[in-house]
Amino acid sequence: FEADLADLEALKPELRDENQARLDELEETYTAWAALPDQLFDLRDDQLEPEPAYNILATAVEKKASDIHIESYPHDVDLRLRIDGILHQIYTDMSPETVAEVVNRIKILAQLDITEHRKPQDGRIRALIERSEDDRKVIDYRVSVVPSPAGEDVVIRILDSNAGLVPVGELGMNADMQRVFASVS
């Protein structure tokens, strides 16, 4: 018994170091999560195992959609993108069983409460989309999660600051009209 006690005493510093390492790791994780509101999420295609939520967000930007709708039904899930004012049905392999995982991931990205399923919630996501070294975009997404009879529905508004901006010179106005326009704005 005394030999076991001596062995245990000898292990105390080692256990203390191991526990301290775990505490340091937890502190780093907490610090990273605390910095989350200012973080940009990377939606590049070269991820090892792309998440469905990331794929949905990146695909919508590629297709120049203004909205993403994820609607849950008892036996089906609809994914729709609003492109040029029209909602288009998009193929998805999400099932009613797996849509909750995607909704929870979107809620995490938007810093919403994943335990709340009965009240509507609103949030935002900022993401970096990088197709090449020269082609980078920061996209803002406004997220609304609403309870539905079959789970939760998500509507995401895509705000691309570069989309839709046309220089005044390319609007087809003559020089006099451009001067008047510039003086008004």
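The structure contained in this document is the topic of the report that follows.

Criteria and cut-off values
- Residues numbered from 1 in each chain as written.
- Predicted model: local features only at pLDDT ≥ 70, side-chain atom pairs only at ≥ 80, totals over all residues.
- Heavy atoms only, no water.
- Helix = DSSP H or I, 4+ residues; strand = E, 2+ residues; numbered from the N terminus.
- Buried < 20%, exposed > 50% of the residue type's maximum accessible area, 1.4 Å probe, protein only.
- Areas by Shrake-Rupley, 256 points an atom, 1.4 Å probe, with all protein chains shown as cover.
- Contact = heavy atoms within 4.5 Å.
- Axes fitted to C-alpha atoms, helices over the stretch in contact; angles between N-to-C directions.
- Parallel < 35°, antiparallel > 145°, perpendicular 65-115°, else oblique.
- Nonpolar A, V, L, I, M, F, W, Y, C, P; charged D, E, K, R; others polar.
- Core = buried A, V, L, I, M, F, W, Y, C linked by side-chain atoms within 4.5 Å.

### Structural notes on the overall build of the chain
Okay, step 1: Counting secondary structure elements, the chain contains four helices and seven strands.
Okay, step 2: Within the span of the chain, comprising 185 residues, buried residues form 28% of the whole.
Okay, step 3: Taken as a whole, the chain presents about 12,900 Å² of accessible surface, with 53% of it coming from carbon and sulfur.

### A short note on the environment of leucine 87
Okay, step 1: Looking at where leucine 87 falls in the secondary structure, it is placed in strand E4 (residues 86-90).
Okay, step 2: With relative accessibility at 34%, the residue leucine 87 sits in the partly exposed group.
Okay, step 3: Taking C-alpha positions, leucine 87 is 9.2 Å from alanine 65, a pair spaced 22 residues apart along the chain.
Okay, step 4: Among all residues touching leucine 87, those that are not within four sequence positions of it are His69, Arg80, Leu81 and Arg82.

### Quick notes on the packing of helix H2 (residues 52-62) against helix H3 (residues 99-109)
Okay, step 1: It is the contact of H2 with H3, at a shortest axis distance of 8 Å, that shows an interaxial angle of 70°. In terms of orientation, H2 and H3 fall into the roughly perpendicular class. Residue-level inspection shows Pro52, Ala53, Tyr54, Ile56 and Leu57 of H2 in contact with H3, the latter providing Val102, Arg105, Ile106 and Leu109.
Okay, step 2: Per-class residue counts for the contact of H2 with H3 are eight nonpolar, no polar and one charged.

### Overview of the nonpolar core
Okay, step 1: Of all hydrophobic cores here, the largest spans 32 residues; its most connected members are Ile68, Ile70, Ile106, Tyr141 and Val143.
Okay, step 2: It is H2 that contributes the most residues to this core, six residues altogether.
Okay, step 3: If near-sequence neighbours (up to four positions away) are discounted, valine 143 is found in contact with Ile106, Ala110, Leu112, Gln121, Asp122, Gly123, Ile125, Val154, Val155 and Ile156.

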